[in-house]
Amino acid sequence: MKRRRVLDIAGASALWPLGAVAQRASTAQANVQVLAERLAMPGLNRERGLRLYLPPSYATQPARRYPVIYLHDAQNLFDDATSFIGEWGVDETLNALARSHGFEAIVVGIDHGGDTRVAEMLAWPIAGVPRVEGDAYIDFIARTVKPWIDARYRTRPEVGQTAIGGASVGASISHSAVLRHPAVFGKALLFSPSYWAAEPLFEQAGTQSAAHKARIYLYVGSGEVPQMTEPTQRMAALLQSQGAAYTLHIEPGARHTEAAWRAAFGPAVIWLFELSARSQPGAGPGCVSNSRHD
């Protein structure tokens with residue numbers, strides 16, 4: 001398989017060139033900031049920037065501590081001006097959840113590395129990408145980024161209050177993260193995961209006890225290609241057989257796009273943090289969302 005074809009299957013998001021973003025007005029909310037300090041990535045000989053969302057009450061409630069959500073591809077999370085083809089609206093969604101549910105969390109967005117993005121988010125080589133850096137990238141988040149954030153911000157550092165997530169290869173590497181660092185990440189937000197490029201994850205998820213502990217939100221659009229939908233349903237079946245705490249939401253007609261993931265973000269946070277269990281289909285461990293379409 002040619003390299004371009006591999007990246008096409010992974011989704012257009014795999015092709016983001018940092019310099020190709022068209023000029024657009026900023027849509028980032030006032031409680032989002034681009035951190036000045038860049039962190040060294042051990043073993044990768046590069047640095048990486050972070051984007052930070054602080055909850056609305058952060059400045060006014062100095063004794064309060066907050067759960068943390070670590071998300072990949074930070075350029076796409078908060079600001080249309082830096083996104084490739086649209087932002088996730090993470091800041092707008094969480095500001096709304098603060099009003100409607102009283103839920104507040106810190107979000108740490110890890111910038112993608114442009115040309116290094118795909119290699120960093122693959123844990124195993126595939127055709128066209130023989131050199132991968134996924135383990136080092138996950139270790140960077142768990143061992144460098146998280147301690148750095150915990151030392152500087154009022155976090156709730158325990159595993160049950162720490163989530164990681166992303167889309168496409170960002171989702172499959174997030175699943176790797178909860179298995180590789182089960183004492184660090186207790187929740188995973190997995191949008192349109194590229195399990196086709198992470199086959200060993202099925203064996204790991206089937207044998208590691210972390211699969212029984214992490215709370216996992218699986219999402220895929222029924223309009224995505226079979227290389228995305230079929231492995232996601234296969235993973236859901238595996239998690240169900242283990243009695244894992246998971247849900248699978250298959251959005252009718254949705255495709256592999258930022259707009260689809262933006263719409264999915266709020267419901268995913270509500271389920272992961274158990275904010276409104278009665279209104280969320282599949283809220284119990286081992287349940288499948290009743291919006292599933294086979």
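Residues numbered from 1 in each chain as written. Predicted model: local features only at pLDDT ≥ 70, side-chain atom pairs only at ≥ 80, totals over all residues. Heavy atoms only, no water.

Asks: For this particular structure, what's the right way to read the pairing of strand S5 (residues 68–72)?
Replies: Here is the key point about a regular strand: its side chains alternate between the two faces of the sheet. For S5, the tally of buried residues reaches five of five residues, placing the bulk of the element in the interior. Because side chains alternate across S5, one face comprises the buried residues Val68, Tyr70 and His72, and the other comprises Ile69 and Leu71, equally buried. In this structure, S5 lies alongside strand S6 (residues 106–110), joined through five bridges in parallel fashion. Paired with Val68 across the bridge in S6 is Ile106. Of the crossover connections in this fold, the one passing from S5 over helix H2 (residues 90–101) to the parallel S6 is right-handed. (Buried < 20%, exposed > 50% of the residue type's maximum accessible area, 1.4 Å probe, protein only. Helix = DSSP H or I, 4+ residues; strand = E, 2+ residues; numbered from the N terminus. Pairing = 2+ DSSP bridges. Right-handed = clockwise from strand over helix to strand, strands pointing away.)

Asks: Hey, could you run me through the pattern of salt bridges in this one?
Replies: Close approach of charged atoms lets side chains of opposite charge pair. Under the defined criterion, the tally for this structure stands at 16 salt bridges. In this structure, Arg48 engages Glu120 in a salt bridge whose closest nitrogen and oxygen atoms are separated by 2.8 Å. Highlighted residues: Arg48 in strand S3 (residues 46–48) and Glu120 in helix H3 (residues 117–120), separated in sequence by 72 residues. Accessibility expressed as a relative area gives 3% for Arg48, which makes it buried. Assessed through its relative accessible area of 1%, Glu120 is described here as buried. The partner of Arg234 in a salt bridge is Glu199, with the nearest N and O atoms 2.7 Å apart. Of this pair, Arg234 sits in helix H8 (residues 226–242) while Glu199 sits in the loop between strand S8 (187–191) and helix H6 (200–207); the two residues are 35 residues apart in sequence, bridging distant segments of the chain. Using a relative accessible area of 41% as the deciding quantity, one classes Glu199 as partly exposed. Overlapping salt bridges bring together Arg46, Arg48, Glu120, Arg131 and Glu133 as one network. (Salt bridge = Lys/Arg side-chain N within 4 Å of Asp/Glu carboxyl O.)

Asks: Where do I start with the packing of aromatic side chains in this structure?
Replies: To describe a pair of aromatic rings, one takes the distance between the centres and the angle between the planes. This model, assessed by the stated rule, comprises 10 aromatic pairs. Relative to Phe185, the ring of Tyr70 lies with its centre 6.3 Å away and its plane at 75 degrees, an arrangement referred to as edge-to-face. Of this pair, Tyr70 sits in strand S5 while Phe185 sits in the loop between helix H5 (169–180) and S8, placing them 115 residues apart in sequence. Ring centres of Trp88 and Trp261 lie 6.2 Å apart, and the angle between their planes is 55 degrees; on these two criteria the pair is classed as tilted. (Phe/Tyr/Trp six-rings, centres within 6.5 Å; stacked < 30°, edge-to-face > 60°.)

Asks: Can you help me understand the packing of helix H4 (residues 134–152) against H5 in this one?
Replies: To characterise two packed helices, one gives the angle between the axes of the helices and the distance between these axes. Closest axis-to-axis distance for the H4/H5 pair is 10 Å, and the angle between their directions is 65 degrees. Taken together, H4 and H5 sit at an angle that is classed as roughly perpendicular. With respect to the hand of their crossing, H4 and H5 are arranged in right-handed fashion. Counting all contacts with H4, which are made through Gly134, Asp135, Tyr137, Ile138 and Asp139, the residues of H5 involved are Ile173, Ser176, Ala177 and Arg180. (Axes fitted to C-alpha atoms, helices over the stretch in contact; angles between N-to-C directions. Parallel < 35°, antiparallel > 145°, perpendicular 65-115°, else oblique. Left-handed = near helix turned anticlockwise from the far one by under 90°. Contact = heavy atoms within 4.5 Å.)

Asks: Explain the confidence of the model for the chain to me, please; I cannot follow it from the model alone.
Replies: Where the model shows low pLDDT, its predicted coordinates should not be examined in detail. Residues at a pLDDT of 70 or more form 85% of the chain, whose mean pLDDT is 87. A low-confidence stretch, residues 1–21 (pLDDT under 50), is modelled with 48 contacts involving residues beyond four sequence positions or located in other chains. Across residues 277–294, confidence stays below pLDDT 50; counting only partners more than four residues off in sequence or on other chains, it has 42 contacts. (pLDDT = per-residue confidence, 0-100.)

Asks: Which parts of the structure should I look at to understand H4?
Replies: It helps to recall that an α-helix has 3.6 residues per turn; residues three or four apart then point in one direction. Taking 1.5 Å per residue, 19 residues should reach 27 Å; H4 reaches 26 Å between its end C-alpha atoms and fits that length. Three or more residues of H4 are buried, namely Gly134, Tyr137, Ile138, Asp139, Phe140, Ile141, Ala142, Val145, Lys146, Trp148 and Ile149. (Expected span 1.5 Å × (residues − 1).)

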